[in-house]
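Understanding the architecture of this molecule
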Amino acid sequence: MPATADVVVVGAGVQGASLAYHLAKRGKRVAVVERSGIAAGATGRSSGFVRMHYDLAVEAALAWASFPHFTNWAELVGVGDPGFVRTGFLQLADEHDAPALRANVGEQLALGIRTSVVSPAEIAELVPGIVLDGIVAGAYEPLSGYADPSGTAAGFIAAASQLGATLSAGVRATAIRTEAGRVTGLATDAGDIAAPVVVVAAGAWSAVLAATAGVTVPVEPWRHDTAYFGLPPAHPSSIPVVLDRPGAVYFRPEGRDLLLVGLETHNQLGGSPDLPVDVADPTFVEEAAERLCRRVPWMALGDVRTAHGGQDGITPDQRAILGPVGSAGPEGLWLACGFSGTGFKTAPAIGASMTEWMLDGHPATVDITPFSFARIAEGRPLEGEHPYGPLWN
Ligand SMILES: Cc1cc2nc3c(=O)[nH]c(=O)nc-3n(C[C@H](O)[C@H](O)[C@H](O)COP(=O)(O)OP(=O)(O)OC[C@H]3O[C@@H](n4cnc5c(N)ncnc54)[C@H](O)[C@@H]3O)c2cc1C
């Protein structure tokens, strides 16, 4: 572990890894401290959706600015592989969601994203055998798909290391050191690193660490189970990633033989971030199978292969907290946390934008200042321009 660094990043999830890479690319001496291993937290359990559809334009912009990393990794980053699989992405809407969906597709077209509103007949072609009870429209992105979050994080760390960054794995950050209102470094169970800047990218554990600098960050653990079902012998040869908000279920192919399934409900909030997440709630698997089969009855002949949990940090408005803590804490303390179950696909552009904010005074790739910590203290929750309501219930 180095004795000094320009910037210490706590957490080697995809966000810490992307930030470390972008900072190292700008010549900063970066030390990443990770209590376990790369992608040990949310990143390693992420469903890996890579899609642009959001109800908040700045999140769509972040996903879109990140997208070239998934499709063009070798040229942009060099080492590693994010494992991007293009399947297309489809979001379903009922009468209630359809006006917002149409308006959001309009916002996304203005950003240059390839997306369109599709009719029930077109949806039935994209997902053969789908039951469209109550579905009046969809948003379809032909270029989107899914990727490998662990591979993405590992690739960013490998590229950062080639640029001189260090990863101290198996080292737990215990406290942020401060003196006279400024960050002076990080205390860990393997000794101290002196640094003027510390970034908390510690996922569900972020609030615990920030509290050691006297900063109260409203990031709670959010637990989310996913199941893998075996595809039945007779199944459509390809389907897109599907986000079925009216059915409160999502699913996507996983390789050739499996379907990954998650629910928008059944997500436990709060408690200790150290509660085990290895085993999924048994009622979750039943519920996932039921909701899935309601939408795609051909899955009734599939089988349950495995299921497990994961956890991310969630904020009250279900949007990330990005940037310096400002007047709420010591100078030099930055936050990249509270990704609320959607922070994989946006990590490349967030790392770039955070780096610009830190080194140039303003984020240029995407203006991420709306995600600032101050919005919470000032009671300005982030809400979509054409909102669907909370993603997770
Ligand atoms: C089941 C599930 C499905 C998801 N699906 C999607 C999806 O389809 N698409 C999408 O975009 N997003 C998805 N997400 C969200 C996305 O995965 C996360 O937002 C993202 O991975 C967060 O990355 P992170 O680096 O902030 O956090 P994490 O990956 O949690 O990394 C934080 C790291 O900090 C380390 N750490 C914590 N405390 C300390 C300490 N004191 N000292 C040292 N290290 C510490 C942890 O070990 C961990 O490795 C999903 C999340 C889950 C849980």
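One structure accompanies this document, and this report is about it. (Residues numbered from 1 in each chain as written. Predicted model: local features only at pLDDT ≥ 70, side-chain atom pairs only at ≥ 80, totals over all residues. Heavy atoms only, no water.)

1. Overview of the side chain of S168
Relative to the helices and strands, S168 is located in strand β9 (residues 166–169). Residues contacting S168, with those up to four places away along its chain left out, are M1, P2, V32, V33 and E34. (Helix = DSSP H or I, 4+ residues; strand = E, 2+ residues; numbered from the N terminus. Contact = heavy atoms within 4.5 Å.)

2. Observations regarding the pairing of strand β16 (residues 249–254)
Burial of β16 is extensive: five of the six residues sit out of reach of the surface. In this structure, the hairpin formed by strand β15 (residues 241–244) and β16 is closed by a connection of four residues, where A248 is found at a positive phi of approximately 55°. Inspection of the sheet shows β16 paired to strand β17 (residues 258–263) by six bridges, in the antiparallel sense. In the sheet register, E254 faces β17, and the bridge partner there is L258. In textbook terms, the turn of a hairpin is the stretch between consecutive antiparallel strands, and for β16 and β17 this stretch comprises three residues, one of which, G255, has a positive phi near 65°. (Buried < 20%, exposed > 50% of the residue type's maximum accessible area, 1.4 Å probe, protein only. Pairing = 2+ DSSP bridges.)

3. Overview of the sheet that holds strand β14 (residues 220–230)
One open sheet holds the eight strands; their spatial order is β6-β7-β5-β15-β16-β17-β14-β18, and the pairing between them is mixed. In this open sheet, the two edge strands, each paired with only one partner strand, are β6 (116–118) and β18 (303–314). Each adjacent strand pair in this sheet contributes to an overall mean axis angle of 20°, direction not counted. In this fold helix α5 (residues 98–110) packs onto β5 (89–93), β6 and β7 (137–141), with an angle of close to 25° to the strand it touches most, β7. Of the strands in this sheet, β5, β14, β15, β16, β17 and β18 are in contact with helix α9 (residues 282–295), which crosses β17 at around 110°. (Axes fitted to C-alpha atoms, helices over the stretch in contact; angles between N-to-C directions.)

4. Things to note about the packing of aromatic side chains
Summed over all chains, the structure comprises seven aromatic pairs. Considering the side-chain rings of W64 and F67, the 5.8 Å spacing of their centres and the 15° angle between planes classify their relative orientation as stacked. Of this pair, W64 and F67 both sit in helix α3 (residues 57–71), separated by three residues, roughly a single helical turn. Assessed through its relative accessible area of 24%, W64 is described here as partly exposed. Residue F67 is classed as buried on the basis of its relative accessible area, which comes to 6%. Taking the centre distance of 5.7 Å and the plane angle of 85° together, the rings of W334 and W357 count as edge-to-face. On the criterion of sequence distance, the pair formed by W334 in strand β20 (residues 333–337) and W357 in helix α10 (residues 347–360) is long-range, its members being 23 residues apart. With respect to burial, W334 and W357 carry one shared label: buried. Through pairs of rings, three or more aromatic residues link up here, namely Y21, W73 and F156. Over the aromatic face of Y54 sits the side chain of R51, whose NZ or CZ is 4.5 Å from the ring centroid. Across the ring face of Y146, the terminal group of R252 is positioned such that the distance to the ring centre comes to 3.9 Å. (Phe/Tyr/Trp six-rings, centres within 6.5 Å; stacked < 30°, edge-to-face > 60°. Lys NZ or Arg CZ within 6 Å of the ring centre and 35° of its normal.)

Coordinates in, geometry out; function isn't part of it.
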